[in-house]
Structure formats: structure tokens, C-alpha cells
Amino acid sequence: MSVLPLVFTSGWASGINAYAVVLLLGLLGATGVTDEVPAALERPDVLIIAAVLFVCEAVADKVPYVDSVWDAVHTVIRPVAGGVVAALLAGHDGSLPQLAAGAVGGSTALLSHLVKAGMRIAVNTSPEPASNILLSLAEDLGVAGLIAFALFHPVIAAGIAAVLLIGGLATVIFLWSRIRRFLRRRRERREEKKRLAAGVVSGAG
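Quick caveat: nothing in here was measured; it's all calculated off a predicted structure. (Residues numbered from 1 in each chain as written. Predicted model: local features only at pLDDT ≥ 70, side-chain atom pairs only at ≥ 80, totals over all residues. Heavy atoms only, no water.)

(A) Molecular detail of the packing of helix H4 (residues 96-123) against helix H5 (residues 130-150). Axis separation between H4 and H5 bottoms out at 10 Å; the angle between their running directions is 160°. Comparing the axis directions of H4 and H5 gives the class roughly antiparallel. Taken as a pair, H4 and H5 cross one another with a handedness that is right-handed. Counted together, Lys116, Met119, Arg120 and Val123 of H4 and Ser131, Asn132, Leu135, Ser136 and Glu139 of H5 form the full contact between these two elements. The class makeup of the residues in the contact of H4 with H5 is three nonpolar, three polar and three charged. (Axes fitted to C-alpha atoms, helices over the stretch in contact; angles between N-to-C directions. Helix = DSSP H or I, 4+ residues; strand = E, 2+ residues; numbered from the N terminus. Parallel < 35°, antiparallel > 145°, perpendicular 65-115°, else oblique. Left-handed = near helix turned anticlockwise from the far one by under 90°. Contact = heavy atoms within 4.5 Å. Nonpolar A, V, L, I, M, F, W, Y, C, P; charged D, E, K, R; others polar.)

Written out as C-alpha cells, the structure is:
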């Protein structure tokens, strides 16, 4: 129970940017800032891989439409990463508390990932790229700040993460009509392209 607030916060953050969570926790642990980080996250190979993937996400996450494709690919990756990080934070290999922590971290990561993906679809309905860049930067800073804060004030950080998660879910529900219009227009454009391609082929024949 004592690690549950940190588990919840790390799960929320993993749903937004799992690579940033692994990288930041690993660096804070490896540099001796905190002893709350499990050794598995402090390994050099883990830090290098997390850093490379974080850079890839930092770029992809700021490009309209590319960010939504990236989110779709990470629908499984982020919840799994959230569950693994949570289980490592809980410790006691194979114990019931560790399994429960993994479930909490994974499910929280899934919810925050869905919020992130939904928000990006809504933002992509705007023709300018600035919104994507600003939102991505806000997410990166929010994840970094809250994870660092959670290591020293886990209960308060968990409260903030809960408010952000609930607020995000409410916002996505509110914007869902806009998201559906976007998806419908995209489907119609694809169908139109298929019809045009079929017309060209039949005309050539």
C-alpha cells in the first residue's frame, strides 16, 4: 500500500510517455538522487534504449497525424510498460502485491494512453502544427515534473495524476463528437481515393 501512490503516478505517466518514465527513473536512481528506483531500471543498456526511444517519440509526437500513428502503435506498449514499471517499483518478485501493482500501473497507463490518443485526434483536426508541438511539450514536462515530484511526495503526486486523468477523460468525452467527425472525414477521403484509383484503372483498360 505504501508504494501504491507512486505506482499510480508512474502508470499515468507511462500512458503519456513510457520511455520518459523509464529514462527519468533510471537516471534519478543511477545518480543517487533517490533509492526508490529498482536496479533493473538503472542498467546502462536500459537507459540507452530508453533514451533512443524517447528521442524518437519526442520527434514523432510533434508531427500532426504521425503522432496518432505512433499512439496507435503504442496502444499495447504503454500499458505493458506501465505494468512492468509498477511491478518493479513494488518489488518482491511474484508476490501478490507486485501483481496487484502491475495491474494498477498497467490499467492506469491504458486509461491515460487513451486520453492522450483521443486528445491528439482532436488536435489533428486543426490545420496548424503548433497545437501538436505545444501539447507534446506540455506532456513531456508534465511527465518529467510529476515523476520527479512523486519520488519525494508520492501521495500528493498521485492526487495530481488522478485529477489530470479524470480531467483528461472528461475532455475526451466532451470532444468525442469532433473526433468522430474527423474519423468520418478521413474514412470518406480514403473511399474517394479508392474510387478515383478504380476509375483510372478502368479508364486505362
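From this point, things continue past the structure.
(B) Summary view of the side chain of Ser112. Among the secondary structure elements, Ser112 is positioned in helix H4. The class of Ser112 is buried, set by a relative accessible area of 1%. For Ser112, the residues in contact, after removing those within four places along its chain, are Gly11, Trp12, Gly15, Ile16 and Leu165. (Buried < 20%, exposed > 50% of the residue type's maximum accessible area, 1.4 Å probe, protein only.)

(C) Spatial organisation of the pattern of salt bridges. Enumeration according to the criterion identifies nine salt bridges in this entry. With a shortest N-O distance of 2.8 Å, Arg78 and Asp71 are connected by a salt bridge. The closest approach of N and O atoms between Glu139 and Arg120, which form a salt bridge, is 2.8 Å. Here Glu139, found in helix H5, pairs with Arg120, found in helix H4; they are 19 residues apart in sequence, far enough to count as distant. For the residue pair Glu139 and Arg120, the accessibility class agrees, reading buried in each case. The structure contains a network of salt bridges with shared partners spanning Asp61, Asp67, Lys116, Arg120 and Glu139. (Salt bridge = Lys/Arg side-chain N within 4 Å of Asp/Glu carboxyl O.)

(D) Region of the structure containing H5. Taking 1.5 Å per residue, 21 residues should reach 30 Å; H5 reaches 30 Å between its end C-alpha atoms and fits that length. Among the residues making up H5, those that are buried are Asn132, Ser136, Glu139, Asp140, Val143, Leu146, Ile147 and Ala150. Taken down its axis, H5 places every buried residue within 150° of arc, on the same side. Along H5, the residues that are exposed and aim more than 90 degrees away from the buried face are Leu134 and Leu141. Check the buried side of H5 and you find it contacts helix H1 (4-30), helix H3 (66-90), H4 and helix H6 (154-174). (Expected span 1.5 Å × (residues − 1). Arc of directions from axis to C-beta.)

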